[in-house]
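One-letter residues, chain by chain:
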Amino acid sequence: MAAGNDAIDFPELDGKEVRVGIIKARWHEDITDDLVAGVKSALAECGVEAENIVESEVPGSFELPLATRFLALSGTVDVIIPIGLLIKGDTYHFEVIADTVTRGLMDVGLSTGIPVIFGVLTVNTEEQAKYRATGSNNHGVQWGKAAVEMALLRASAVGQKGRKFFLGFGAAEEVGSKDRKSTRLNSS
Ligand code: DLZ
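Parameters at a glance
- Residues numbered from 1 in each chain as written.
- Predicted model: local features only at pLDDT ≥ 70, side-chain atom pairs only at ≥ 80, totals over all residues.
- Heavy atoms only, no water.
- Helix = DSSP H or I, 4+ residues; strand = E, 2+ residues; numbered from the N terminus.
- Buried < 20%, exposed > 50% of the residue type's maximum accessible area, 1.4 Å probe, protein only.
- Contact = heavy atoms within 4.5 Å.
- Right-handed = clockwise from strand over helix to strand, strands pointing away.
- Pairing = 2+ DSSP bridges.
- Axes fitted to C-alpha atoms, helices over the stretch in contact; angles between N-to-C directions.
- Near = heavy atom within 4 Å.
- Polar contact = N/O pair within 3.5 Å; in protein donor to acceptor, adjacent residues only side chain to side chain.
- Areas by Shrake-Rupley, 256 points an atom, 1.4 Å probe, with all protein chains shown as cover.
- Nonpolar A, V, L, I, M, F, W, Y, C, P; charged D, E, K, R; others polar.
- Core = buried A, V, L, I, M, F, W, Y, C linked by side-chain atoms within 4.5 Å.

K.L.:
Go over the overall build of the protein, please, and point to the residues and values.
P.N.:
Scanning the protein from terminus to terminus reveals five helices and six strands. Going from N to C terminus, the protein has its helices and strands arranged as β-α-β-α-β-α-β-α-α-β-β. Expressed as a percentage of the 188 residues in the protein, the buried residues total 46%. In the protein, the share of contacts with a sequence separation of at least 24, taken over all contacts with a separation of at least 6, comes to 77%.

K.L.:
Explain the pairing of strand 4 (residues 119–123) residue by residue, including any values.
P.N.:
For strand 4, the tally of buried residues reaches four of five residues, placing the bulk of the element in the interior. For the crossover that starts at strand 3 (residues 79–87), traverses helix 3 (residues 93–112) and ends in the parallel strand 4, the hand is right-handed.

K.L.:
Tell me about the sheet that holds strand 4, residues and numbers included.
P.N.:
In spatial order, the strands read 2-1-3-4; together these four strands make up an open sheet with parallel pairing. Each edge of the open sheet carries a strand with a single partner, namely strand 2 (53–58) and strand 4. Strand-to-strand twist across the sheet, computed as the mean angle between neighbouring axes with direction ignored, equals 20°. Of the pairings in the sheet, the one linking strand 1 (residues 20–25) to strand 3 comprises five bridges and is parallel in character. Counterpart to I23 in the pairing with strand 3 is P82. Sheet strands in contact with helix 3 are strand 3 and strand 4, and its direction is about 170° off that of strand 3.

K.L.:
Any details on the site of the ligand? Residues and values, ideally.
P.N.:
Lining the immediate surroundings of the ligand are W27, H28, G60, S61, F62, E63, L85, L86, I87, H93 and I97. In the model, an oxygen atom of the ligand is placed 3.3 Å from a nitrogen or oxygen of the G60 main chain. One of the side-chain nitrogen or oxygen atoms of E63 is found 2.4 Å away from an oxygen atom of the ligand. Computed on the free molecule, the ligand has an accessible area of 480 Å², of which 72% lies beneath the protein chains in the complex. Only strand 3 and helix 3 provide two or more residues apiece to the shell around the ligand. When residues in the shell around the ligand are grouped by element, the largest group, three residues, is from strand 3. Considered class by class, the residues forming the shell around the ligand number six nonpolar, four polar and one charged.

K.L.:
A description of the side chain of T76 should follow, citing residues and the corresponding values.
P.N.:
Counting through the fold element by element, T76 comes out in the loop between helix 2 (64–74) and strand 3. T76 sits in the buried class, given a relative accessible area of 8%.

K.L.:
So what's going on with the nonpolar core? Residues and values would help.
P.N.:
V20, I22, L43, I81, I83 and W143 are the most contacted members of the largest nonpolar core, which totals 25 residues. Only strand 1, helix 1 (29–45), strand 3, strand 4 and helix 5 (139–158) provide two or more residues apiece to this core. Here this core takes five residues from helix 1, the largest share from any one element. Ignoring sequence-local partners within four residues, the contact set of W143 consists of L35, V39, I81, I83, I117, F118, G119, V120 and L121.

Shape descriptors only; they carry no functional weight alone.
What follows is the structure in structure tokens.
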């Protein structure tokens, strides 16, 4: 059975108007940095402009859902890729937070309508993590492509391709490419 990046094919994806948020957790940072690099290589391949990529970070994976929600509500991005690594250790930490973080991230996508990609590796060992964060098996690559695909799906679903929704926080008008107009939900 195909695994990793061989497990899925992506169509041609035109990301030139897509704005992407990346939030990295700093636990196991050498590996989450590699995952971010994988994401960025896929975004570049899809034509996402560097100026349309917003990057932020949090201490650990537990902080990812709230940070993702803040960014989703800012109205400044079309899709968010939270990136973290949870390694099963000697304590009960992994069991306590793996499901919670997953559910939290899913909830942000469903409640805000901004697609959230699941960029959290949940593994038993550091070796497993490294295998999934390097070379042709870098899972960040499929997360980046999934992000562009979901952003385009949302644009098509809401019928507002190329426009932003202002959902509550932040200064949406100040971010993104300059020739694109911001819009408020209830503007005339
Ligand atoms: C505390 C902790 C532990 C033990 N392990 C991890 C981990 O493997 N991956 C990760 O992203 N974060 C870990 N953390 C930190 C928590 O996610 C969180 O940052 C702290 O508990 C502070 O809320």
